Amino acid sequence: MALRLITAGESHGPGLTCIVEGLPAGLRLRPEELDSDLARRQLGHGRGGRMKIENDRAEVTGGIRHGVTLGGPIALQVANRDYENWRERMSPWPVDADIEEVHLPRPGHADLVGTQKYKLTDVRDVLERASARETAARVAGGSLARAFLREMGVHVVSHVTQIGAIHTHVEEPLELHDFLEVDHSPVRCLDPAISRAMVEEIDALRRRNESLGGTFEVRAFGLVPGLGTHVSWEQRLDGRLALAVASIQAIKGVALGEGFALAGKPGSEAHDEIFHSSERGFYRETNRAGGLEGGMTTGEPLIVRAAMKPLPTLTKPLRSVDIATHAPAQALRERTDSCTVPAAGVVGEAMVAFVLANAYRQKFGGDHIDDVCDAVTAYRERIDWRTR
Ligand code: EPS
């Protein structure tokens, strides 16, 4: 049993589609829970004009009846409202009008290599699919994974830890309740003073026609130990998480637990010692490994960190070359966002939720959600894993 997530659609085309295959029957869903993640992804200081146009909603076109999954593939559609302004340029079928091609690839985007690889003359044929608009479809699908995980007692959250030069200091351990208010921050940062500094940083760089990157963390609480496996490289959960998060547009680094910082520590300060008590069973007092050992969850909170580069569509364009004439030129200038790190955190949650839901599906199987819950309960009893 494996979970699959497929997206289709272009940024300014008619809409985005997400198909999720492999969820059990009997999972109860509410429309608000799909739409609330979509709305959270649209927020964040530093967004551009496009987010004033879109109002993302997931329309279910398959796999759910009367709010309950049927066990088959689930299809979700997210309309692009902006398509109204792009009808001729993005029509799936030929149009009478002359459509001007885009010939100015942006450094840092898929534009140049995409045209080479796919034998295209119009950069728009690449950028429309490469656009991070696609993450709306991932988030729609991720909210199904999140609903499934809720039944497993698992909650996936995120927060922003850096924007441009402004960092926040994370006081460990963070608990689930620490994240209750995170969406109230305009940059989804847990520290109000640092949030304000991040907002100022975005504004200052935007005035200089710059874009900004940053870092965020995704954490998952309530996991059982033993998701993933040490026995096969491609089934290791650390590798799967890294793939899923690194696949988000503009993500250039992924760390698990303390990640790169562990490289400089002596071994005695890099690991999480093991304890046991009759009340708690096995437990740790630190979580430097971020809840992963040997490619498997340990049952401690999962911590995945990601670094996002500054967005490559700049209002102060970089040097490029016209792909038709080969003459030096300035890269394409398009309306864009100046910072999407807060939104990327929500996308990170969706990708991590998907990987974790997949791991539960693979480990516990089951055609109905009750079968899955029974299998998880039996496993928890076998390994004597206490509710945390
Ligand atoms: C994006 C460019 C902008 C972003 C877009 C991603 O779109 P536009 O070119 O229409 O202004 O707003 O992100 C979204 C539309 C979204 O929903 O996140 C890009 O080039 O990747």
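Scroll up to find the structure.
Residues numbered from 1 in each chain as written. Predicted model: local features only at pLDDT ≥ 70, side-chain atom pairs only at ≥ 80, totals over all residues. Heavy atoms only, no water.

With respect to the sheet that holds strand β10 (residues 251–256)
With antiparallel pairing, the five strands of this open sheet are ordered in space as β8-β7-β9-β15-β10. One side of each edge strand has no neighbouring strand; the edge strands of this open sheet are β8 (166–167) and β10. Pairing geometry for strand β7 (residues 155–163) and β8, over two bridges, is antiparallel. In the sheet register, Gln-162 faces β8, and the bridge partner there is His-167. Its contacts with the sheet put helix α7 (residues 192–207) on β7 and β8, and the angle it makes with β7 is roughly 60°. Across the sheet, helix α9 (residues 341–364) lies against β7, β9 (214–221) and β15 (302–308), angled at about 145° from β7, the strand it touches most. (Pairing = 2+ DSSP bridges. Helix = DSSP H or I, 4+ residues; strand = E, 2+ residues; numbered from the N terminus. Contact = heavy atoms within 4.5 Å. Axes fitted to C-alpha atoms, helices over the stretch in contact; angles between N-to-C directions.)

Observations regarding helix α1 (residues 31–42)
Here α1 contains twelve residues, and its C-alpha end-to-end distance of 17 Å stays within 8% of the 16 Å for a straight helix at 1.5 Å per residue. Restricting attention to buried positions, one finds in α1 the residues Glu-33, Leu-34, Asp-35, Asp-37, Leu-38, Arg-40, Arg-41 and Gln-42. Among the structural elements, α2 (50–53), β3 (59–62), β6 (74–79), α6 (135–151) and α9 are those in contact with the buried residues of α1. (Expected span 1.5 Å × (residues − 1). Buried < 20%, exposed > 50% of the residue type's maximum accessible area, 1.4 Å probe, protein only.)

Regarding the site of the ligand
Around the ligand sit His-12, Arg-41, Arg-47, Arg-50, Met-51, His-109, Ser-131, Ala-132, Arg-133, Glu-334, Arg-335 and Asp-337, and that is every residue in its neighbourhood. Protein contacts shield 92% of the accessible area of the ligand, which totals 460 Å² for the unbound molecule. For the shell around the ligand, the class distribution of residues is two nonpolar, three polar and seven charged. (Near = heavy atom within 4 Å. Areas by Shrake-Rupley, 256 points an atom, 1.4 Å probe, with all protein chains shown as cover. Nonpolar A, V, L, I, M, F, W, Y, C, P; charged D, E, K, R; others polar.)

A closer look at the side chain of Asp-35
In this fold, Asp-35 is placed in helix α1. Residues contacting Asp-35, with those up to four places away along its chain left out, are Arg-57 and Ala-58.

Re the pattern of salt bridges
Taken as a whole and judged by the stated rule, the model has 32 salt bridges. The partner of Arg-40 in a salt bridge is Asp-183, and the shortest N-O contact between them spans 2.7 Å. Of this pair, Arg-40 sits in helix α1 while Asp-183 is found in the loop between β8 and α7, placing the two residues 143 residues apart along the sequence. Within the structure, one salt-bridge network assembled from shared partners comprises Asp-37, Arg-40, Arg-146, Asp-183, Arg-188 and Glu-349. (Salt bridge = Lys/Arg side-chain N within 4 Å of Asp/Glu carboxyl O.)

So, unusual backbone geometry
Peptide bonds are trans in most cases, and residues, glycine excluded, mostly fall at negative phi. The amide bond that connects Glu-172 to the next residue, Pro-173, takes the cis arrangement and shows omega of -5°. With respect to the secondary-structure elements, Pro-173 resides in the loop between β8 and α7. Positive phi, normally seen in glycine, also occurs at His-66, with a value near 50°. The residue His-66 is located in the loop between β4 (64–65) and β5 (68–69) in this model. The phi dihedral of Arg-188 is positive, around 60°, even though this residue is not glycine.

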